[in-house]
Each structure stands twice: as structure tokens, then as C-alpha cells.
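These are the residues of each chain, in order.
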Amino acid sequence: MVALVFRNLLKHPIRSLLTIGSLTIAIFLLCFLRSVVTTLEAGIASADSRRLWVQSAVSLFVDLPTAYQAKIDAVPGVERTCKWQWFGGYYKEPSNFFAQFAVDPDELITIWPEVEVVAGSKEAFANQRNSCMVGEELAQEFGWKVGDQVPIIGALFPRPDGSAYMFDVAAIYRPTRATVDSRTFFFHWKFHAESQEAITGSAPNVGVFVIKVAQDADPTSVMATVDGLFENGPQVVQTTTEAEFNRQFVSMVGNVPKLLSFIGGGVFIAILLACVNTMLMAGREQVRDVGIMKALGFTDGSTFGLLIGQSLALCGLGGGFGILIALGAQVPIATLLGRFFPGFRILPETIFLAIGVTIAVGLLAGIVPGRSASRMRAVDALRRQ
Amino acid sequence: MLVPVSYNLRSLWVRRSSTLLTIIGIGATVAVLAGVLSLQQGFATLFAESGRTDVAIFLRPGATNEGDSAFRKDKAQRLIKTLPEIRSDENEQPLAGMECYVAVRRNRVGGGETNVPVRGVEQRSFDIYGDGIRIVGGRRFKPGADEVIVGAKLSDRIEDCRLGDVIVLNTAPLRVVGIFESDGPFASEIWGDLDRMLNALQRPSPNRVVAQLNDGVDVEELNERVKDDKEVPAKVMTEREYLTSQTSALSGTLLFLGAFLAIVMGTAAVFTATNTMLAAISSRTHEIGILLAAGFRPIPIFLSFLMEALLLGLLGGLVGCLLSLPLNGIETGATNFNTFTEVAFAFRVTPVVLMTAVTFSLVLGLFGGAIPAWRAARMVPVDALRRR
């Protein structure tokens, strides 16, 4: 029976190949689109519940006074805090876009244990004021090595003569969790503060403070206390868990999941129709075969199985290839998209979803020809040309 | 001699279930492409078409959007008072004003946070934009008062954006006293008095200067002159140029997405079309034998089947266009990646979108039909006639 299924598929090699090909593409696309959504949400899932983010309650683009740090440090339950300031510069060309943050190096190292240094050392980064620690992918993309000097032009914090800020690469890191991506450039807050004071004459503000909550403290009460400290200004703050902070960002990017599921729906319909089409053709051609089988004593169920089997085999092959290609292309895609969209990864759940869709399409496409084959009477089938 | 087209039409009709499935398959592919394109068109035209060419925007040199830009008030005033290119009103006062701009966190109706632009303007801005800002409910805010007016597109999307509501910015409660309409992205903004907004948001200085220009002023020439000015260097562009420049990131992303999907889904659709045409040809082997025996040359036969595939593609394209038409005018919101603020706009199924969709479907038909048509043309009449 299984042999017959494959014989029938091989009878029209081009048609089978083309159907498998379109399924391969569609399942690949489904894996890809779904992974975009899961990657967006990955930061939420792996967030550290002991890290709290203090930001302006008014706007993403409004900074907080540096003096807030000492007040936050004094709140019971706060173990340490780290400044976190978006720098918004670029390397040589504005198109070389990646995130740069001015941070307190010692704090960064302690609060983010998932940042693992693979070249250079954390100490070297912490000890040298004009040094930076960069993500592995970023270092690879621009060919930076420990000890290199990297010029960064400040678009948001320009130097009066438009020249670049110079940084020494002291460490290259690899994140072990999705909370930090491997395309970020960290440098010293003190370096940032001193250079801005020299340019503008006044000390800069801070975008965000990150709190590490002590093991025995309750994050919820810490959040409430910190928010309460500044409820009368000058800048009202909003303290959130890391998961909530990441969720806000995903929400602000807009309805990407909705748009992508709409597209996924279109893909699904298109492949379903392609398979139904192929199976209907196969069903029509095999009328005589079915008649012969029935005349030989095969049951209705087995003729139904013959067509469903073909459909499932086609879809299984196509879906299987699609999943394999998606897995194989994971690294190149991650590299290609890394610039705008770091951390692209295909989750096991996505693979299961793809397998489910493949089987569903296979069953749906096989049902119509399968049923008509099982209902057909041998005499009628044989009579047909 | 060419094979009559009616032959192809009839053949599509005879195999209508298979034809229909292929058409819908191609249609779904085309509809996805058209949907993404109409999203991009709606977004891009909202910005480009509403921008005026006689209004100039002054930014700090190096700034790519108003959020990055800043002018100290005295410097901004100097720009306004000293440039002869700026149009004056009947009282000899320059039609120019300072504006501040901050994207603030707001809650969407129905949950989730987003960024909404707050613009602080002087009363002058109403004279500069003229019909661009139309109050449709309530009134304008009073100078210096804790009042704001809200773009009409926000009322249903963002909390506290209806007439009489109170919006709290930082520690300042601001009453919504008016709703305004605008054809461009202003309709997704909150406007208040410049000084009150600067104060409420604890900002030191305005972000940009806007001005109406005299007739015939060359903006590029003006830019050349003021960009290296010793006192107040500034980057000048028309409002249309400015707004168009604010669409690059999202437009680019959507076009990339559209092209990517078109190639990937298109390949799958070509495979389907090839399958359908192969089946059509194999069941018509006998007929093709008759055509060849009747004296039709291989090339007309090739063209005939290619035509059939093109028809299949065209029908799919039309179905795709029909599927995408209901999208036209549907209001949606997206985050403009250049400013990271949410802007409301409608899908626009423009002629460009439809033309692209139909062209794309024809290309799908062409690729899908090439191999089968070639196969048909190469048949040997005797063998073909022998097959039943």
C-alpha cells in the first residue's frame, strides 16, 4: 500500500516535485514569519524578575536627573543601580546602525550575569574610562578585535566640529539569554558625562536607571516606593519589571504580530489550494486504478487511505524540507536581519506548529478525492475512461 | 497562423474547478502583496501629500527629525526676525513660529502603550498652517492656559483624548478643549501652548522653527546660506521634504517585506500554475495532436498555451485586486520608525498598487506557463494523436 502511494506520486514526477516545492516554500515562510513574532517576544519571556527599570513616566524621549540615582539607591530593597543612556551614534556611516549605551561598567557586570565575556576581560572594561565592551556579532560585522580603536560619531550628542568619539575595545561579550542582544556597544557613563560637560557646559541627564532588587526584598513594593519618591516631579517616573519594560517596546512597535498573522493566513490559503488542486488532479487520474483495486477486493477504506496517503506524503515531504531549510537558513537570516532585528531564532514550538500545519493541509487536501474514491463503485470507475 | 484565444477560454472553462483553485491561489498571493503595498502607500502619501512647499522647517544642523533638533529661544527668535525670505502678514509681522515636540507615553484604548506626539505651538502656527488645521469641535487653546487640542484621529484610539477629558503630562493636568482635523500626520498629535508644554515637560527649549516663505524663494539656496551661519546655523527644508524624509524607515521596511513575500509566495504560486497547466496539457494531448496535424506550427501552439497561462495569471490578479479592494480606506495605526510615534492612516489601494498587482500576476502566469507551453509545442503529432 505504501509502495503504491509512492508509485502514484512518481507517476507524475514534475507535478509532485512542484507541489512539494511550493509546500517547502510555504512552510519555510510560515516558520520564518512565526519566528519573527516569537523573537520579538523573546525578551519578555526571558526577562529577569529581579531587575526593575526606572524611566520617565512621560515619554521615552525624556531623561531623568542624575541626582535620582542616590535617592533610588537609598530605597530599602534596592541592591544596586545602573545608569543606562541611549547614545544614538554610528560607526563611520549613518547606515551602520546599532545600539550604544552609556552605563556604569561595574554595575553592568554585576547586574547582568548573562553577559559572558569571550575576549578581553570585564576588569579591563571596568578599569579603562575610554573603553567599550561590544557584542560578538557586532565585533564580527565590523571586524573589531580587543585593543582596536573604534570611532563613534554622536548623532544625538554631536561634537561641535562633528568629529568622532574614540573608544578602545576592552571586551567582547556573548549573551547567554535573550535579555541582551549581541549587537550592543557599552561604554562608560563617566566618559559620556565628562565629554558632554565639556561640550555643553552642563552635566547630561540619564535615560533609564536599572535596579537590582535584593534577594529578600519584594520587587512590587520597591516599584511603588521608587514611583512614590518622584510623584511630584520634577520628572515623574515609572518603574516596571524587565518583562513589562520589554512588553512596552513590543507594543510600541505596533501591530506586527497582527500583520504577520494576516500574511500567514494568506500563505496558508495559497498552499492549501495548491495541494487540493494537485490531489484533485491525482484523484481524477486514478479513477480507473481505484476501480481495479476495488474489483480486486480492496475496501473503501483502503482506497480512501491511498489518496490521503499520497496527500500526506506530498505534504510531509514538502513540509519536512521547508522546516529543514528554515533551520538551515536560521543563521544567515539572523545575520541578515541582525542590524534591525537582533536575536532571530526559531523556537521548537514554531517547528511543532509547522508540522501541525503540514499534517492539516495534507489531510484537508486528501479528503475530497479520498472520499470520492471510497464511495465510487468499481463498475462505474472501470467504465470511465 | 495563431490559435484562436477562444480555444484557451473554453479550455479554462472546461477545467473550471482546477482553474478556480489556481486563480484563488494566485489571487491570495497577489492580495497579500497588494495589502502590504496599500499599507505603504497609505502611510507614505499621508506624509508626502500633506506637506506644503511654501512652508519651511528649520532644524539644528545634523538633526534628522524634530525630536533630535533644538534651538535656544533667543536663537530661534533671531532666525524668525532676520530672514527676509519669511513672509510677513499685513501688520509686518513675520509668519513664523517656534514649536516643541515630544513623543509621550499614552495608553491605547483597549490596552497597550504607545507614543503620541505632543506639539507645543505659538498662536502663530495656526496662521502658518491655515486650512491645514481645522477645529471641528470645541475651540483653540488659550495662550498660556493649561489646555490642549487633540487631533481627531486620536479620539477613538488613545485614552483621554475626547473633548472635556483631562490629559496629565508629567505633573500638569491639561484639559482637552478642542478637536482638530488635519490631512497629514498632525491629526495624530496633541497640541498645546508652547510655553506651557515646555514647562510641563521640563524641556529647556523649542525643537524647531516653522515659517511661511515668500513666493519664489529657493529653499536650497536659503539652506546653503544659513547652514554655516555663525550665530544660528540651521538646516532648512520645505515641509513636504521634511515629512517625506520621515517615512523612509517604515516605507523601506514595508517595501522590503512586500518584495520578500512576492518572491517567496510568487515562487509557490508559479509552481501551482505550472502544475495546472501541465495537467491541462496532458489531458489535451490528443487535441494538440489534432492542432499540429491541422497545420498549426509549434510557435503558435507555444504562444497559445502561454496565453492561457497569462489568462490564468490575469484572472488571479483580478481576484487578488478584488480581495484587496475592501482594505481601501480602512483606518489603521502603525509606528513610524523614524520618529517612533504612532500615526493613524488608512490603507490606500492606489492605481500604483493595482498596476503592480496585475503586472505581478501576469509575471506569475508567464513563468507558470513557460514550461508546459514549451512541452506542448514540442509534441510529435503522430505520438500525440495516438494517446487518448
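Conventions we followed
- Residues numbered from 1 in each chain as written.
- Chains lettered and ligands numbered in written order.
- Predicted model: local features only at pLDDT ≥ 70, side-chain atom pairs only at ≥ 80, totals over all residues.
- Helix = DSSP H or I, 4+ residues; strand = E, 2+ residues; numbered from the N terminus.
- Rg over C-alpha atoms; globule rule 2.2 N^0.38 Å.
- Buried ≥ 20, exposed ≤ 12 C-beta atoms within 10 Å, placed from the backbone.
- Contact = placed C-beta atoms within 7 Å.
- Nonpolar A, V, L, I, M, F, W, Y, C, P; charged D, E, K, R; others polar.
- Pairing = 2+ DSSP bridges.
- Axes fitted to C-alpha atoms, helices over the stretch in contact; angles between N-to-C directions.
- Left-handed = near helix turned anticlockwise from the far one by under 90°.
- Domains from an automatic or database assignment.

A word on the overall build of chain B
Part 1 of the argument: Within chain B, the regular secondary structure consists of twelve helices and twelve strands.
Part 2 of the argument: Against the globule reference of 21 Å for 388 residues, chain B gives a C-alpha radius of gyration of 30 Å, more extended than a compact globule.
Part 3 of the argument: In terms of principal-axis extent, the alpha carbons of chain B reach across some 95 × 45 × 30 Å.
Part 4 of the argument: Expressed as a percentage of its 388 residues, the buried residues of chain B come to 48%.
Part 5 of the argument: Considering only contacts within chain B whose residues lie at least 6 apart along the sequence, 82% involve residues at least 24 apart.

Thoughts on the interface of chain B and chain A
Part 1 of the argument: Between chain B and chain A, the residue contacts involve 44 residues of the former and 41 residues of the latter.
Part 2 of the argument: Within the residue set of the side of chain B that touches chain A, elements represented by two or more residues are α2 (16-50), β2 (96-107), β3 (113-121), α8 (248-282) and β11 (331-336) of chain B.
Part 3 of the argument: Split into classes, the residues belonging to the side of chain B that touches chain A amount to 20 nonpolar, 20 polar and four charged.

Describing the pairing of strand β5 (residues 147-151) of chain B
Residues and elements named next belong to chain B.
Part 1 of the argument: By the criterion of burial, β5 is predominantly enclosed, with five of the five residues buried.
Part 2 of the argument: Taken together, the five bridges between β5 and strand β7 (residues 172-181) define a ladder with parallel strand orientation. Its bridge partner being in β7, Val150 is matched across the sheet by Ile179.
Part 3 of the argument: Sheet topology note: the β5/strand β8 (residues 190-193) ladder contains three bridges and is antiparallel. Each bridged residue has a counterpart across the sheet, and for Val150 the counterpart in β8 is Ile190.

Structural notes on the environment of Arg375 of chain A
Residue and element names in this part refer to chain A.
Part 1 of the argument: Mapped onto the elements, Arg375 comes out in helix α13 (residues 348-375).
Part 2 of the argument: On the basis of neighbour count, Arg375 is assigned to the exposed category, with 11 C-beta atoms found within 10 Å.
Part 3 of the argument: It is 23 Å that separates the C-alpha atoms of Arg375 and Leu273, two residues lying 102 residues apart in sequence.

Some words on the environment of Met265 of chain B
Part 1 of the argument: If you trace the backbone, Met265 of chain B turns up in helix α8.
Part 2 of the argument: By the C-beta count within 10 Å, which is 27 here, Met265 of chain B ends up buried.
Part 3 of the argument: Distance from Met265 of chain B to Phe305 of chain B, taken between C-alpha atoms, is 23 Å for residues 40 residues apart in sequence.
Part 4 of the argument: What Met265 of chain B contacts, discounting residues up to four positions off in sequence, is Leu29, Val267 and Ala270 of chain A together with Thr29 and Val32 of chain B.

So, the packing of α8 of chain B against helix α11 (residues 351-377) of chain B
All names here are of chain B.
Part 1 of the argument: It is at 8 Å that the axes of α8 and α11 come closest, and there the two elements cross at 35°. Considering only the axes of α8 and α11, their crossing is right-handed. Two secondary-structure elements touch here, α8 through Ala262, Gly266, Ala269, Val270, Ala273, Thr274, Met277, Leu278 and Ile281 and α11 through Phe360, Leu364, Gly365, Phe367, Gly368, Gly369, Ile371, Pro372, Arg375 and Ala376.
Part 2 of the argument: For the contact of α8 with α11, a count of residues per class yields 13 nonpolar, five polar and one charged.

Details of the domain arrangement of chain B
All names here are of chain B.
Part 1 of the argument: Domains assigned within chain B are domain 1 (5-48 + 248-386) and domain 2 (55-214).
Part 2 of the argument: Just the C-alpha atoms count here: the centres of domain 1 and domain 2 sit 46 Å apart.
Part 3 of the argument: Facing the ten residues of domain 1 at the interface are 13 residues of domain 2.
Part 4 of the argument: Of all elements in the fold, only α2 and β12 (341-346) reach the threshold of two or more residues within the side of domain 1 that touches domain 2.
Part 5 of the argument: Taken together, the residues of the side of domain 1 that touches domain 2 break down into five nonpolar, four polar and one charged.

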